[in-house]
Amino acid sequence: MTAIAMTQTPQANGRLSGELYKVVELILDRGLVIDVFVRVSVIGLEVVTIDARVVVAGVDAYLRFAEMCGRLDLTGSSPRIGRSLPDGALPLELPGRARTEIG
Amino acid sequence: MSSYVYCVTRASHPLPLEGAVGVGERAPALRLVREKDLVAVVSDAPENLRAKRRDLLKHDAVIGRVYAAGTVLPMRFGMVAPDDEAVQTELRSGARRYGELLCRIDGHVELNVKGVHAEEALLRDLLLQNDELRTRNHALRAADGGRHQDKVAFGEHVAAAVAERRARDADQVIARLQPHAARIRQGPPVDGCFVNVSFLVASGARADFDAALSPLRRELPGYASVEVYGPLPPYSFVGNEADV
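Model, not experiment: these values are computed from the prediction.

*Asks:* Explain the overall build of chain A to me, please; I cannot follow it from the model alone.
*Replies:* Looking only at helices and strands, chain A features six helices and one strand. Secondary structure elements of chain A, listed N to C terminal, follow the sequence α-α-α-β-α-α-α. Across the 103 residues that make up chain A, the buried fraction comes to 35%. The contacts of chain A with a sequence gap of at least 6 include a subset with a gap of at least 24, amounting to 25%. When the accessible surface of chain A is split by element, carbon and sulfur atoms take 60% of a total near 6,100 Å².

*Asks:* Is there a simple way to explain the overall build of chain B in this structure?
*Replies:* Within chain B, the secondary structure is distributed over seven helices and nine strands. A burial count over chain B gives 53% of its 244 residues as buried. Considering only contacts in chain B between residues 6 or more positions apart, those separated by 24 or more positions represent 76%. Here chain B displays about 10,500 Å² of accessible surface, and carbon together with sulfur accounts for 48% of that area.

*Asks:* In this structure, what is going on with the packing of aromatic side chains? I would like to understand it.
*Replies:* All names here are of chain B. Applying the stated criterion to the full structure yields three aromatic pairs over all chains. Between Tyr-4 and Phe-77 the ring centres are 6.2 Å apart and the planes differ by 65°, which places this aromatic pair in the edge-to-face class. With Tyr-4 in strand E1 (residues 3-10) and Phe-77 in the loop between strand E4 (73-74) and strand E5 (79-81), this residue pair connects regions lying 73 residues apart in the sequence. By the burial criterion, Tyr-4 is buried, and Phe-77 matches it. Taken together, Tyr-4, Tyr-6 and Phe-77 form an aromatic cluster joined through their ring pairs.

So, how was this worked out
Residues numbered from 1 in each chain as written. Chains lettered and ligands numbered in written order. Predicted model: local features only at pLDDT ≥ 70, side-chain atom pairs only at ≥ 80, totals over all residues. Heavy atoms only, no water. Helix = DSSP H or I, 4+ residues; strand = E, 2+ residues; numbered from the N terminus. Buried < 20%, exposed > 50% of the residue type's maximum accessible area, 1.4 Å probe, protein only. Contact = heavy atoms within 4.5 Å. Areas by Shrake-Rupley, 256 points an atom, 1.4 Å probe, with all protein chains shown as cover. Phe/Tyr/Trp six-rings, centres within 6.5 Å; stacked < 30°, edge-to-face > 60°.

Structure below.
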């Protein structure tokens, strides 16, 4: 394992950058902190994952939910039914809709 | 020159750091600060460090090198000491704490679990299962969207139902995976995730943890998906709050 690590570039070492992006909040908000040391500024984040919205509260969120619900087509097949169909049985003439319903 | 600190580990660690460089535009060389049984990996601290992708990758890559070859205490991104002497002083005064933390995470990995709801499918499910919400949605639609306050009131009800599903599914994820973990810690809230939680899992329990994922995914509603990231250096289990 060590030998492999040493032949890789620093960037490729350890984990893929794509996966790092998925756990970036841990690197920024977890990890060992030493109180007597300074923490450099982390303003100007290029990474946006950590910029968590409170997605289920506030008037904006309520309006967004109301509007999303208003656009839903409840007469179509439910996602569960869509999921239970084998791939070949999906309605080929409605590929976009089938994908949406599968979620 | 102040010192940027990457991680702390035992002096006996092989520290395979050849070719690795530090954060910042100048890619500073890494060096070791030793104090008795402990060693810290540091570099010159760049001026004007920001949390850029490039530097996050470098920070994590240095820790990844050390992690691949043994137990490591990863620092949070951006910790800077006045100089190497201050790092040494900290290793001396915190020797006991760091020794205990290293023992606690020996032979363990962090696995981070994130769960996401497909929002449209979730809302559809809520409306199909809740007569009142469905009726109100229909009424608003018939009124061409309805009045602002009616929309807000309806949306608030939907939001409460969504929050309930989020909490329920998060509880489910934790309940199914916790038995295979030595420790557990909630991650910071992440946009779009109904759960973000890290587990400290012993190497010997890894197979059981992985095996619990398939039944969990089957039990969760169709609009919920769960991904596991890791094994990671134990970022979530080296703080004072790691017991929470």
